[in-house]
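What follows is each chain in one-letter form.
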Amino acid sequence: ATLTSGGTRHTRTRTGPVPALKPRTRWIVSAVAALAGIGLVWGIVGRSGGSPLDDDKVAVAPFDVLDPSLQLWREGLVDILARSLDGAGPLRTVSPTLVVKRWMGRADPIAARQLGRNTGARIVVYGALVNSGPDSVRLSANVLDVSTGAQLGAVDLRDHKDRIDRLADSVAVHVLQAIGATRIRGLGLARATGIGSASLPAVRAFLTGEQFLRHSEWDSALVAYQQAFGIDSGFTLAYAHAGLAAGWGRSGGDSLTTRYQLRAGALNHGLAPRDSFLVQSESLMTMVFEGPQSLGGKWWTYGKRAVATLEESVRRYPEDPELWYSLGDARFHAGMLAGESSRQSLEAFDKAIALDSTFSPAYVHPMQLGANLDGPPGGLRYARGYLQAGGAGRYAGEARAISALLDPTTGVARRGRLVDSVGGVASGANGKQPVFIGSEWAAATIALNDAEESDVRFGRAMATGMLRNARTSADSGNAKAVDALALSNRGHLRDAYDQIGGVNPMLAVQFLMLGALPPDSADKAIKTYAHTIRTGNWSAMAWWATRGDTSSIKTLMQYIDSVRHRPPPPPQWPQIAVELSAYLLKSGPAYLALARRDTTTALNLFDSLPDSACFGLCPLDPLVRAELLAARGQDQEAARQLAVEPDFNHRNPFPSDVLWSLEKGRVNERLKNYEVARDAYADVIEHWSNGDPSLKLYVEEAQRALQRLSSEKK
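If you're wondering where the values come from, they're calculated on a predicted model, not measured in any experiment.

Quick notes on the rules
In this convention, every chain numbers its residues from 1, walking through the sequence in written order. Per-residue local features of the predicted model are confined to residues with pLDDT of at least 70, and side-chain atom pairs are confined, for both listing and counting, to 80 or more; whole-chain, interface and lining totals are unaffected and use all residues. With hydrogens and water set aside, each side-chain value is computed from the structure's full complement of heavy atoms. Going along the chain from the N terminus, every DSSP run of H or I of four or more residues is numbered as a helix, and every run of E of two or more is numbered as a strand. Only protein chains enter the area calculation, which uses a 1.4 Å probe; residues under 20% of their type maximum are buried, those over 50% are exposed, and those in between are partly exposed. Two rings belonging to Phe, Tyr or Trp (six-membered ring only in the last case) form a pair when the distance between their centres is within 6.5 Å. Interplanar angles under 30 degrees mark stacking, angles over 60 mark edge-to-face geometry, and anything in between is tilted. The criterion for strand pairing is that DSSP finds at least two bridges linking the strands in question. Think of pLDDT as the predictor's per-residue confidence, scored from 0 to 100. Contact criterion: two residues are considered in contact whenever any of their non-hydrogen atoms come within 4.5 Å of each other. By definition, a salt bridge exists where a carboxyl oxygen of Asp or Glu is found within 4 Å of a side-chain nitrogen of Lys or Arg. Nonpolar cores were defined as sets of buried Ala, Val, Leu, Ile, Met, Phe, Trp, Tyr and Cys residues, with membership established by side-chain atoms within 4.5 Å. In this scheme, a helix's expected span is set at 1.5 Å multiplied by one less than its residue total. Think of each axis as a best-fit line through the C-alpha atoms, taken over the contacting stretch in the case of a helix, with angles from 0 to 180 degrees between the N-to-C directions. Two helices that cross are described as forming a left-handed crossing if the nearer one is turned anticlockwise from the farther one by less than a right angle, and a right-handed crossing if clockwise. Polarity classes work like this: nonpolar for Ala, Val, Leu, Ile, Met, Phe, Trp, Tyr, Cys and Pro, charged for Asp, Glu, Lys and Arg, and polar for all others, with Gly in that last group. Should an angle lie under 35 degrees it is considered roughly parallel, over 145 roughly antiparallel, and from 65 to 115 roughly perpendicular; all remaining angles are considered oblique. Any pair of nitrogen or oxygen atoms within 3.5 Å is treated as a polar contact; in protein, a donor-acceptor pairing is required on top of that, and neighbouring residues in sequence qualify only through side-chain atoms on both sides.

## Focus on the overall build of the protein chain
And step 1. When its secondary structure is counted, the protein chain shows 32 helices and six strands.
And step 2. Sorting the 714 residues of the protein chain into buried and exposed places 60% on the buried side.

## As for the packing of aromatic side chains
And step 1. Inspection of the entire model under this criterion finds 12 aromatic pairs.
And step 2. Between Tyr325 and Phe349 the ring centres are 6.1 Å apart and the planes differ by 50°, which places this aromatic pair in the tilted class. In this pair, Tyr325 is assigned in helix H13 (residues 321-338) and Phe349 in helix H14 (residues 342-355), connecting sequence segments 24 residues apart. One exposure class covers both Tyr325 and Phe349, and it is buried.
And step 3. Here Tyr591 and Phe606 contribute two aromatic rings whose centre-to-centre distance is 5.1 Å and whose plane-to-plane angle is 85°, an arrangement assigned as edge-to-face.

## Description of the pairing of strand E1 (residues 54-60)
And step 1. Where E1 meets strand E4 (residues 121-131), four bridges bridge the pair, whose relative direction is parallel. Across the sheet, the residue bridging to Ala59 is Val124, located in E4.
And step 2. Where E1 meets strand E3 (residues 92-93), two bridges bridge the pair, whose relative direction is parallel. Across the sheet, the residue bridging to Val58 is Thr93, located in E3.

## Comments concerning the confidence of the model for the protein chain
And step 1. Across the protein chain, the average pLDDT comes to 80, with 80% of residues at 70 or higher.
And step 2. Confidence over residues 1-49 falls short of pLDDT 50; this stretch has 172 contacts with residues more than four positions distant or in other chains.
And step 3. Across residues 184-190, where pLDDT falls below 50, the model places 18 contacts with residues more than four positions away in sequence or in other chains.

## A closer look at the pattern of salt bridges
It is possible for side chains bearing opposite charge to pair when their charged atoms get close.
And step 1. Enumeration over the complete set of coordinates arrives at 31 salt bridges.
And step 2. The closest approach of N and O atoms between Asp450 and Arg415, which form a salt bridge, is 3.1 Å. Residue Asp450 is located in the loop between helix H18 (439-448) and helix H19 (454-469), and its partner Arg415 is located in helix H17 (residues 412-427); the two are separated by 35 residues in the primary sequence. The two residues Asp450 and Arg415 agree in class, both being buried.
And step 3. Note that Glu675 is salt-bridged to Arg678, the shortest N-O span being 3.4 Å.

## A look at the nonpolar core
Soluble globular proteins tend to bury their nonpolar side chains together.
And step 1. Core analysis: the largest hydrophobic core is formed by 129 residues, its most contacted members being Trp73, Leu129 and Trp441.
And step 2. If you look at the next biggest cluster of nonpolar residues, it comprises 74 residues, including Leu592, Ala639, Phe654 and Val684.

## Some details on helix H28 (residues 621-631)
And step 1. Counting buried positions along H28 gives nine out of 11 residues, so the element sits mostly inside the fold.
And step 2. For H28, the full list of buried residues reads Asp621, Leu623, Val624, Arg625, Ala626, Glu627, Leu628, Leu629 and Ala630.
And step 3. Looking one or two residues beyond H28, the residue adopting positive phi is Gly633, at roughly 80°.

## A closer look at helix H30 (residues 655-670)
And step 1. Here H30 spans 24 Å end to end across 16 residues, near enough to the 22 Å set by a 1.5 Å rise per residue.
And step 2. For H30, the buried fraction is high: 15 of the 16 residues fall into the buried class.
And step 3. Once H30 ends, the next one or two residues include Lys672, with phi positive near 65°.

## What to know about the packing of helix H31 (residues 674-688) against helix H32 (residues 696-709)
And step 1. At a minimum axis separation of 9 Å, H31 and H32 run at an interaxial angle of 145°. Relative to H32, H31 is oriented so that their crossing is left-handed. Touching Tyr674, Ala677, Arg678, Tyr681, Ala682, Val684, Ile685 and Trp688 of H31 are Tyr698, Val699, Ala702, Gln703, Ala705, Leu706, Arg708 and Leu709, all from H32.
And step 2. For the contact of H31 with H32, the residue count by class is 13 nonpolar, one polar and two charged.

## Section: the packing of helix H15 (residues 364-388) against H18
And step 1. Contact pair H15 / H18: the axes reach a minimum separation of 8 Å and the direction vectors enclose 15°. Judged on the interaxial angle alone, H18 and H15 are roughly parallel. The handedness of the crossing between H15 and H18 comes out as left-handed. Of the residues in H18, those touching H15 at Val364, His365, Met367, Gln368, Ala371, Asn372, Gly375 and Pro376 are Ser439, Glu440, Ala443, Ala444, Ala447 and Leu448.

## Notes on the side chain of Ser454
And step 1. Note that Ser454 resides in helix H19.
And step 2. With relative accessibility at 4%, the residue Ser454 sits in the buried group.
And step 3. There is a polar contact of 2.6 Å between the side chain of Ser454 and the side chain of Asp450.
And step 4. Apart from the residues lying within four places of it in its own chain, the contact partners of Ser454 are Arg415, Val419, Thr445 and Leu448.

## Concerning the environment of Glu686
And step 1. Topologically, Glu686 is positioned in helix H31.
And step 2. For the pair Glu686 and Ala451, spaced 235 residues apart in sequence, the C-alpha to C-alpha distance is 7.3 Å.
And step 3. At a separation of 3.2 Å, a polar atom in the side chain of Glu686 contacts the side chain of Asn449.

## Observations concerning the environment of Asp483
And step 1. One can find Asp483 in helix H20 (residues 473-489).
And step 2. The spacing of Asp483 and Arg460 is 23 residues in sequence and 5.4 Å in space, taken between C-alpha atoms.
And step 3. Once you skip the residues sitting within four places of it in the chain, Asp483 turns out to touch Gly459, Arg460, Ala463 and Gln499.

Written out as structure tokens, the structure reads:
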């Protein structure tokens, strides 16, 4: 029994039976959103032969600082000078975090030259900051040409302890003069205080915030940034990073986050190009978090611009870990709007971690992405990485829990206690106040895929606590949605339908097609949503196609077409809805052909559909195409389709994802790709072995296939 329907698939790395060895948005929000619609490189990236030297790249080394009272400036001067020199003519500076990571030894020519080779910077600035009397400091700096080992210039300046900012400005000017005198003309003067403030107390507070931010101590970082722009109301980067801290500590759409990021955007002038990229992208992402209801068509535009801005920034600054982190974050939240995949998001985070493994925020979303894409090893890797990086704050407890849950040595009994404990605390059960548990933990329980069904157990604990604390019907609905998603993932389709009924056609259609619901009553419930395209009811076209119901498909297409051309659409549609409706008007004829049993025309029409235009909201279409290809004997092409990861999908999986595995197993077995086939069949068994009776035939097929493959060579 096969479904002429399709879905996207979470690619998992299988580690064997679990019992033996086996964010900004909250999980609740992630779960409800789902209903509505890696090789990680650890440690320092070594370069055995060094990087080719770039004539226009400058690295500012950490300054030697012996006095503990001046220690903040060891790396603080790197930040200030790098920002001041960046963008002066053709010059680009190496990311301060990368410099700190690759710096070894004291500030001398040997260490400076090695830093240049490691970062590809032809020019290295290094020096020392020492006390020079009760109230004065002395700042000495040298400019080294790494390619020849020649000193291009040196400066030795003194000033009051409270005017280190003025010393930094003077050093920057001398550095540019030294470079320009020998190799580059027309650079002009460096911008004053490249970090964006002429106030020493403000800069000091900002640099303190940076240290808290690195360890995900959001509240402390926010206080420090607020102090910085409280002293200097024009301190752009302080506003930008305050918005970042508030977004992590609260939410991306929080009013405080929005206020700070938009203020930074308004002040975005006179900064180094690299900093300007960051400020611009963060202000754009703030608008994305406002949602399509608030912004209409602009929502789509802001998301695409944010991702494009950061992709350009990493092209220009390919070894800047903060830019790679920001790109990963933008792809995570707005990648769907830009046609980016969750794998691309994870790859950007991986790049940031490889460049700077101590920046803990870069591990947070990968805990979820890693679990979704690469199974328990992926989630475990990033959870441990977060803790090893010194990550604190609200995600530390979640990272510890994920590390324990996904550790292959954790026993069944301990795993059960852990799931119950986290579920109870997160939902406010057991007399405790609800605490933050993000989608990272939910992804970990799903990835675990154990015989004890920890994901169902966690979902039930969460739903029970949420129902106990529910104040509105919407709260109760959200609680039931959490429970339904967990049940659905493990094949308890009837129980899931009892929780949510036909409220979500995208799920109800799949329940219907898998024989878990009475066809007539469920079909009636789905058709009550025929006058909207906001609830995923377009998935019903696959169901109607199996029944030969061309009339229902035509009715839905006519409605979509009429609303799309109603001038103006009420309310104004966001661009994503315009694009989605255009896609549906192309997929509808494919399902009409399928309903008429014209598989040749249907396949041709599915072949012509854009790969990413449905933004992960059409989970049946790709599998329909794969099944049609397989039915025509085009197994190689079907295998390529089934090997494609989700468009952009860090949600809970749908039942069709398991059907995706089953078809993947069939196709790859025929192609004698036995290892791929084994893993795919095992995925079916692990998900549905305790599922509804209607799913038994799929499980038995997978079990027979594994028996056949057990005699084949790996």
